[in-house]
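Structural overview
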Amino acid sequence: LRTRRYEDLTPRLPPPAGRIVGFAPAGPGRLWVATGHGLVELDIATGALQRAAMGKHSQAVLRAIAADARGVLWLGTSGDGALRYDPASGQVDHYT
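Given the structure is predicted, the values throughout are model-derived calculations rather than measurements.

1. Digging into the pairing of strand 3 (residues 38-43)
Of all 6 residues making up strand 3, 5 are buried, and the element is well covered by its neighbours. Across 6 bridges, strand 2 (residues 30-35) lies against strand 3 in antiparallel orientation. Among the inter-strand pairings, Thr35 is bridged to a residue of strand 3, identified as Gly38. Here strand 2 folds back onto strand 3, and the loop between the two strands holds 2 residues. In terms of strand pairing, strand 3 meets strand 4 (residues 49-51) through 3 bridges, oriented antiparallel.

This is the structure in structure tokens:
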């Protein structure tokens, strides 16, 4: 029988974080965390959190997240359309 320990990340998210709305893979040992106030990257081994640099969309109210085969993130917002974020280049495209 394996036991797993779960930790509430909300208190450690960069302020203001709001609630966690979804997760997507970010590469080996990392995870994207979509929140009510933007996107953060979690280093699973260390627990370190870093807000994604998405320019004027860094504080977007996110409602959904999905990663495509290339690692590009598709983010649904609350009332502001969709965002396509390429973490490799830092490019953000806004669709309304």
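2. Let's talk about the nonpolar core
Trp32, Leu39, Met54, Ile65, Leu73, Leu75 and Tyr85 are the most contacted members of the largest nonpolar core, which has 14 residues in total. Every element with two or more residues in this core is listed here: strand 1 (20-27), strand 2, strand 5 (62-67), strand 6 (73-77) and strand 7 (82-86). In contact with Leu75, other than residues within four places in its own chain, are Leu39, Met54, Leu62, Ala64, Ile65, Gly81, Ala82, Leu83 and Tyr85.

3. Description of the packing of aromatic side chains
Under the defined criterion, the tally for this structure stands at 2 aromatic pairs. Ring geometry for Trp32 versus Tyr85: centroids 6.0 Å apart, planes at 80°, classification edge-to-face. With a gap of 53 residues between them, Trp32 in strand 2 and Tyr85 in strand 7 connect regions that are remote in the sequence. Using a relative accessible area of 6% as the deciding quantity, one classes Trp32 as buried. With a centroid separation of 6.0 Å and an interplanar angle of 25°, the aromatic rings of Trp74 and Tyr95 are classed as stacked. In this pair, Trp74 sits in strand 6 while Tyr95 sits in strand 8 (residues 91-95), placing the two residues 21 residues apart along the sequence.

4. Some remarks on the sheet that holds strand 5
Here 4 strands make up an open sheet; going across it, the order is 5-6-7-8 and the pairing antiparallel. In this open sheet, the two strands that pair with only one neighbour each are strand 5 and strand 8. Shown here is a sheet whose adjacent strand axes are inclined to one another by a mean of 20°, direction ignored. Summarising the sheet, strand 7 and strand 8 pair through 5 bridges and their orientation is antiparallel. Among the inter-strand pairings, Ala82 is bridged to a residue of strand 8, identified as Tyr95.

5. Examining the sheet that holds strand 1
Taken in spatial order, the 4 strands line up as 1-2-3-4 in an open sheet, and their pairing is antiparallel. Every other strand in the sheet has two partners, leaving strand 1 and strand 4 as the edge strands with one partner each. Here the strands of the sheet are splayed against their neighbours by 25° on average, with no regard to which way each runs.

6. Things to note about the pattern of salt bridges
One pass over the full model with this rule turns up 3 salt bridges. Residue Arg70 is joined to Asp68 by a salt bridge in which the shortest nitrogen-to-oxygen separation is 3.1 Å. Accessibility expressed as a relative area gives 22% for Asp68, which makes it partly exposed. When the shortest N-O distance is used, the salt bridge between Arg84 and Asp93 registers 3.3 Å.

Cut-offs applied
Residues numbered from 1 in each chain as written. Predicted model: local features only at pLDDT ≥ 70, side-chain atom pairs only at ≥ 80, totals over all residues. Heavy atoms only, no water. Buried < 20%, exposed > 50% of the residue type's maximum accessible area, 1.4 Å probe, protein only. Helix = DSSP H or I, 4+ residues; strand = E, 2+ residues; numbered from the N terminus. Pairing = 2+ DSSP bridges. Core = buried A, V, L, I, M, F, W, Y, C linked by side-chain atoms within 4.5 Å. Contact = heavy atoms within 4.5 Å. Phe/Tyr/Trp six-rings, centres within 6.5 Å; stacked < 30°, edge-to-face > 60°. Axes fitted to C-alpha atoms, helices over the stretch in contact; angles between N-to-C directions. Salt bridge = Lys/Arg side-chain N within 4 Å of Asp/Glu carboxyl O.

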